Amino acid sequence: MTETKNPDCGVCVDEDPASAPQLSAVSEEGSVEAGSGGLTLRRLLLWTLEPRLRLRSLLHATDSARGLRGGALLSALYQHLQHGSPSSEAVVQHCLARSAAPLHAMLTQWLVHGTLTDPHQEFFIAADPTVSDHNLWHHKYSIRWCQLPSFVSAAEARQVLATGKSLNFLRSVCKLKTPMDEQDTIAAALKRTTVESLFSHECRGALQQLMEVTYRAACGRVLQEVLEQQQLLTHLRALRRYLLLGQGDFIHMLLQVLRVELCQPASRLYPHNLSSLLETAVAGSNARFDHPDTLRRLDVKLLQVAQGDTGWDVFSLDYHVDGPIGTVLTAECMQQYLMLFNSLWRAKHMECLLSDTWKQQAATTKLCRHLPEVQVVVHGVQLLLSEMIHLVHQLGYYMTFEVLEVSWDALMKALDCPDSLDCLIAAHNTFLARIVKGALLDHCSADVRTHLRSMYDLMLRLAELQTRLHGGVAAELGARHQKVQLEQKRAAEGQFSTSAAEEETEKQRKHNFSSRFVTKLKTELKILTQTYQDMVQSFLLMLAAHDDDNLQQLSSRLDFNEHYLRRDRRLRQRLTFHHKRKSLGGSKAAALALESTDKSDGLVC
């Protein structure tokens, strides 16, 4: 057997051993019959017909493979395999088997050991040596689609990629010397497969089954390491309790110990002071019973300080992740967790602020029994404060029960039996995407988020107004009480209770209180109330026009007594058929339109 090579495409071709005896017999017979005149052109044409067909098949194959290499070359050869001539098919199959031998060797090595020996970049799996082990799963290995043979499907390529990537993940990231117990058995079974099993339909079943078994074994070992050894679910629950404010007693204690510190300007905060207060909150709540490794990862983080920021604006909790769990909880995911914490922390701050304001307002109401000129301001503060408390409570209910709890339940169901680490990562990313969207932190909800923050600023202004009202009322009552005591003391001593000058001073003070202090508060409260109601009306319109049904229902709950509906009839749009079709979109809208058309046709008939 001799071997020839096409210099243009590098296809290795062996001369068919079955054709050599035939050609030698033809030459001998021709030489014998040549003397007797028996050799004719027709006989020669007939004898060389099959060799010429083989040569023509080789010509077509080499022309289609010209300039190609690796998997692209195998794809070019494979398209000539489906041929009506058995001899041409045999030639192409022989060439394809010899050309696919390196692919079979690299595939076996990748599936068994997770290593690549591909100096000419001909394999359909590519590796980036510049990527560190920290980003191994996401960025180091990828599919080189231009080198994927046509007889290997995209699903099989992803399966092969995940298998070798899992072995490298176990070895490099998890630091396991023996990634799989079944490695020797799988290696022996793969070595028994032939090159033809890559592209031959008759032999392909055994190789596909081996690839499936190897994939299941590698992915199962990775999931066992991540879920059991690294305790991923423990870290996810810790993120839910601390960064998503799921543990109420800890969050309440943290708010109490941080209240004084966070009211200062942000430039005066120091991380070591906040860390000690965090330890105090942990010790004063049920968080102290948590796993020590979880508490070790919990820390304080200060965001970038802008001019005028207070501690409430820059404070954030942080959770350190490293090792294999960093593959699931990537830096991008942790950034989203921090963003969610800031949003939830701001809402929790508003809830506590309004609660303290309500307590102070109740005390102010008792003090104002003998100050009728302040009753109007006190009543106005009560009404506006009730509206704000209702808004904050409904937002808290929406975030807790319609976003966080529903998304967490879906995540737990997805993590019951994941097929691979990729499925686990996809489930976690879906969980994060749902709560980011539900918390109005996505790009589509930027206007809604801006309105909500503006309403938070109005709540701060109301708290400040109530503080000034309480201080002014307390000072006025103290002055009046002091005046009465002074008069009683003088009367007991037999003196005049007051003088003309003191009466004039007292009259001027009362006039200043009623005409300046109270009038100024009335004006500020009126402006604040009008501004807040306008902001709420715009906020409800944005929620009513949102594509999310939960946000539309939130708009209805916020306007439970239809106060804002009477002010703006556009809020009824969320109940109309047109708006429902618009919010559904896509196939659902088409189905609704088709259903309405069918009903109208039925009525016509």
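Residues numbered from 1 in each chain as written. Predicted model: local features only at pLDDT ≥ 70, side-chain atom pairs only at ≥ 80, totals over all residues. Heavy atoms only, no water.

(A) Looking closely at the overall build of the protein chain. When its secondary structure is counted, the protein chain shows 25 helices and six strands. For the protein chain, with 605 residues in total, the buried portion stands at 43%. For the protein chain, long-range pairs separated by at least 24 residues make up 71% of all intrachain contacts whose partners lie at least 6 apart in sequence. (Helix = DSSP H or I, 4+ residues; strand = E, 2+ residues; numbered from the N terminus. Buried < 20%, exposed > 50% of the residue type's maximum accessible area, 1.4 Å probe, protein only. Contact = heavy atoms within 4.5 Å.)

(B) Region of interest: helix H9 (residues 183-191). What H9 keeps buried is the set Gln183, Ile186, Ala187, Ala189 and Leu190. Relative to the axis of H9, the buried residues are bounded by an arc of 165° and lie together on one face. Relative to its buried face, H9 has exposed residues pointing more than 90 degrees away, namely Asp184, Thr185 and Lys191. Residues of H9 that are buried make contact with helix H6 (101-113) and helix H10 (204-229). (Arc of directions from axis to C-beta.)

(C) The confidence of the model for the protein chain, seen in detail. Looking at the protein chain as a whole, the pLDDT averages 84, with 88% of positions reaching at least 70. For the stretch residues 575-605, pLDDT sits under 50, and the model shows 17 contacts to residues farther than four places along the chain or on other chains. (pLDDT = per-residue confidence, 0-100.)

(D) View of empty space enclosed by the protein. Going through the model one piece at a time under the given rule, you end up with two cavities of 30 Å³ or more. Of the volumes computed, that of the largest cavity is approximately 60 Å³. As for the largest cavity, its lining consists of Leu103, Leu107, Phe124, Val152, Glu156, Val160, Leu198, Arg204 and Met211. Of the residues contributing to the lining of the largest cavity, the split by class is seven nonpolar, no polar and two charged. (1 Å grid on protein atoms, 1.4 Å probe; cavity = no way out; pocket = protein on both sides within 12 Å on 5 of 7 lines; lining within 4 Å. Points joined across faces, edges and corners; volume = space filled by probe spheres on them. Nonpolar A, V, L, I, M, F, W, Y, C, P; charged D, E, K, R; others polar.)

(E) Spatial organisation of a nonpolar patch on the surface. Residues Leu39, Leu41 and Leu44 make up a contiguous nonpolar surface patch of roughly 300 Å² in combined accessible area. Structurally, the position occupied by leucine 39 is in the loop between helix H1 (19-36) and helix H2 (41-47). (Patch = residues over 30% accessible without salt bridge, like charges linked within 9 Å, V, L, I, M, F, W, Y side chains within 5 Å. Areas by Shrake-Rupley, 256 points an atom, 1.4 Å probe, with all protein chains shown as cover. Salt bridge = Lys/Arg side-chain N within 4 Å of Asp/Glu carboxyl O.)

(F) Examining the nonpolar core more closely. Among the nonpolar cores identified, the biggest contains 159 residues, and Leu243, Phe250, Phe315, Tyr337 and Trp345 are the most heavily contacted of them. The element contributing the most residues to this core is helix H18 (residues 375-414), with 17 residues. Apart from the residues lying within four places of it in its own chain, the contact partners of phenylalanine 250 are Tyr242, Leu278, Ala281, Val282, Ser285, Ala287, Leu298 and Leu317. (Core = buried A, V, L, I, M, F, W, Y, C linked by side-chain atoms within 4.5 Å.)

(G) Up close: the side chain of threonine 327. Examined against the element boundaries, threonine 327 turns out to sit in helix H16 (residues 325-328). The exposure class assigned to threonine 327 is buried, which follows from its relative accessible area of 2%.

(H) Inspection of the packing of helix H17 (residues 331-367) against H18 at higher detail. Packing of H17 against H18 leaves a shortest axis separation of 10 Å and a crossing angle of 150°. When the axes of H17 and H18 are compared, the pair comes out roughly antiparallel. The element H17 and its partner H18 pack so that their crossing is left-handed. Taken together, the residues of H18 that come into contact with H17 (itself represented by Leu344, Ala347, Met350, Glu351, Leu354, Thr357, Trp358, Gln361, Thr364 and Thr365) are Val378, Val381, Gln382, Leu385, Met388, Ile389, Val392, His393, Met399 and Leu404. A breakdown of the residues in the contact of H17 with H18 according to their chemical character gives 13 nonpolar, six polar and one charged. (Axes fitted to C-alpha atoms, helices over the stretch in contact; angles between N-to-C directions. Parallel < 35°, antiparallel > 145°, perpendicular 65-115°, else oblique. Left-handed = near helix turned anticlockwise from the far one by under 90°.)

(I) Fine view of the pattern of salt bridges. Applying the stated rule across the entire model yields 21 salt bridges. As a salt-bridge pair, glutamate 212 and arginine 216 come within 2.8 Å of each other at their nearest N and O atoms. Placement of both glutamate 212 and arginine 216 in helix H10 is noted, with a separation of four residues, approximately one turn of the helix. For arginine 297, the salt bridge is made with aspartate 322, and the minimal N-O distance between the two is 3.2 Å. Of this pair, arginine 297 sits in helix H14 (residues 292-297) while aspartate 322 sits in the loop between strand E6 (315-319) and H16, placing them 25 residues apart in sequence.

(J) Seen up close, the pairing of E6. Taken across its five residues, E6 has five buried, putting it largely inside the fold. Across five bridges, strand E5 (residues 298-302) lies against E6 in antiparallel orientation. Residue pairing in the sheet places valine 300 in a bridge with leucine 317 of E6. (Pairing = 2+ DSSP bridges.)

(K) Region of the structure containing helix H13 (residues 271-283). Across its 13 residues, H13 extends 18 Å between first and last C-alpha, which sits within 8% of the 18 Å expected from 1.5 Å per residue. For H13, the full list of buried residues reads Leu274, Leu277, Leu278, Ala281 and Val282. Down the axis of H13, the sector holding all buried residues measures 145°, keeping them to one side. Facing away from the buried side of H13 by more than 90 degrees, the exposed set consists of His272 and Glu279. On its buried side, H13 packs onto helix H12 (248-262), H14, E5 and E6. (Expected span 1.5 Å × (residues − 1).)

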